[in-house]
Amino acid sequence: MDAADFVSSDISWLLGIRSEQDMCTIDLGTSSRIQERVRDAVLDVSQSLLRNANASINCATKHPLSRTERESIPPPTTGNAKKKQNSEANKLLWHMTKGTQSLEMFDKLSVWGYTRQKFVKRALLLSASFLKLHPGSVSSIDGDCGLTPAHRQIQRMAWASLKVVNRVCSIGCGPGNDVLGFLVMQKCLNDGARGALSNLKLNLFDYAMGIWQDAVLDELLPILVDRGLIVTLDGIYCGKCDVTMPLEHGGSSVGEQGKINSVLSAITRTSCGASTLYITSYLLTETRGRWESFYDQLISGSKPRDLFYFCEPTPWQLFHLIQVAGSRCYYLWLDSSMYHPELQDLHGRSGPAVLLAIRK
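What comes next concerns the included structure. (Residues numbered from 1 in each chain as written. Predicted model: local features only at pLDDT ≥ 70, side-chain atom pairs only at ≥ 80, totals over all residues. Heavy atoms only, no water.)

**Describing the overall build of the protein**
Scanning the protein from N- to C-terminus turns up 11 helices and seven strands. Relative to its full complement of 360 residues, the protein shows a buried share of 52%. Considering only contacts in the protein between residues 6 or more positions apart, those separated by 24 or more positions represent 80%. When the accessible area of the protein is evaluated, it comes to approximately 15,100 Å², of which 52% is carbon and sulfur surface. (Helix = DSSP H or I, 4+ residues; strand = E, 2+ residues; numbered from the N terminus. Buried < 20%, exposed > 50% of the residue type's maximum accessible area, 1.4 Å probe, protein only. Contact = heavy atoms within 4.5 Å. Areas by Shrake-Rupley, 256 points an atom, 1.4 Å probe, with all protein chains shown as cover.)

Below you can see the structure in the form of structure tokens.
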């Protein structure tokens, strides 16, 4: 389904955005410099976070240790810690690929191993994907920018919405890599100004939130404050959600188990003002055949200009997502097919498949 099928000519809030000609004449150097700064900042945070990984694992047990307990024992050697963590993570990742993961597979060893393997790459992938929307990412050499007029319009729409995001909901957040990628990008785009992030609300959701928060997120979030990526921990909510269960909208109930998604459901109903960014990374494939009701209701409950970032190993589930969301959204591929519309209906990609949906 081509994004051009869902382009509306009545988009009054686009007024004031630079013209198509302007977008095709901005120096690529601006975007490149931002990407370099994003990379350096992501690596800085990840190195600080992973220094805590060695000291956070007691080689004799998989059970979580308190900060006092961690400080009272010598940390395991780096090689031994990595070996144990990566071994458990590989088992978890294999099941994720098959969609057979269970809550019991998430323990402190496996989530730290997952963080070692995926944290930096996933954070950089999100920021690189969104920076493709930056006007400076388009070269005048391309002539028509490699995009159809419909896609160029959607690109401008997405960039305008991205600049006014005041809430980020990361669904299936894991160790928080996607949130890091967004925060670093925003800070670099605003030349490091803390004020630009002062009103941003972060909502992190995961089915295994208990272990992710205890093992990784409680270590990560203070680092984000220290680096000036968030001003305070007060605007952060970490909670559990299950995309295989429906959301609750308009007071409807889906039973006790359905209440697991009540906080996220309330956010979609009460969010107002600027845009909300919903991030879903490598989750649709892991829950294939079970997420449709959740995202159908999530999109229905969202408001115009809200953004939905989806990243999957292949576009297989993203094609299905477009069918589920239908004409309620505009769509733009932010992967290797972005400037090649003729390839976007194919299942092949050079790297992961990345789709951005914008609520009409």
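Structure's up, so let's keep going.
**Describing the pattern of salt bridges**
Overall, the coordinates contain eight salt bridges when judged by the stated rule. Asp-226 serves as the salt-bridge partner of Arg-227, at 2.6 Å between the closest nitrogen and oxygen. On the accessibility criterion, Arg-227 (23% relative accessible area) is partly exposed. Residue classification places Asp-226 among the exposed positions, given a relative accessible area of 59%. Residue Asp-306 pairs with Lys-303 through a salt bridge whose shortest N-O separation is 2.9 Å. Residue Asp-306 shares its accessibility class with Lys-303, and that shared class is buried. One salt-bridge network, in which partners are shared between bridges, spans Asp-44, Asp-226 and Arg-227. (Salt bridge = Lys/Arg side-chain N within 4 Å of Asp/Glu carboxyl O.)

**Some remarks on the environment of Asn-177**
Locating Asn-177 in the fold gives a position in helix H7 (residues 177-189). Excluding residues within four positions of it along the chain, Asn-177 makes contact with Phe-119, Arg-122 and Ala-123.

**Let's talk about unusual backbone geometry**
Both trends apply: most residues other than glycine have a negative phi, and most peptide bonds are in trans. The phi torsion at Tyr-282 lies on the positive side, around 55°, for a residue other than glycine. On the accessibility criterion, Tyr-282 (15% relative accessible area) is buried. Phi at Arg-305 takes a positive value of approximately 85°, unusual for a residue other than glycine. As for its position among the elements, Arg-305 is in the loop between helix H10 (292-301) and strand E5 (307-312). What makes Arg-305 partly exposed here is its relative accessible area of 33%.

**Structural notes on the environment of Leu-247**
Along the polypeptide, Leu-247 turns up in the loop between strand E3 (236-239) and helix H9 (262-270). Exposure remark for Leu-247: the relative accessible area of 0% places this residue in the buried category. It is 7.7 Å that separates the C-alpha atoms of Leu-247 and Ser-293, two residues lying 46 residues apart in sequence. Residues in contact with Leu-247, not counting those within four places in the same chain, are Asn-261, Leu-264, Ser-265, Phe-294, Gln-297 and Leu-298.

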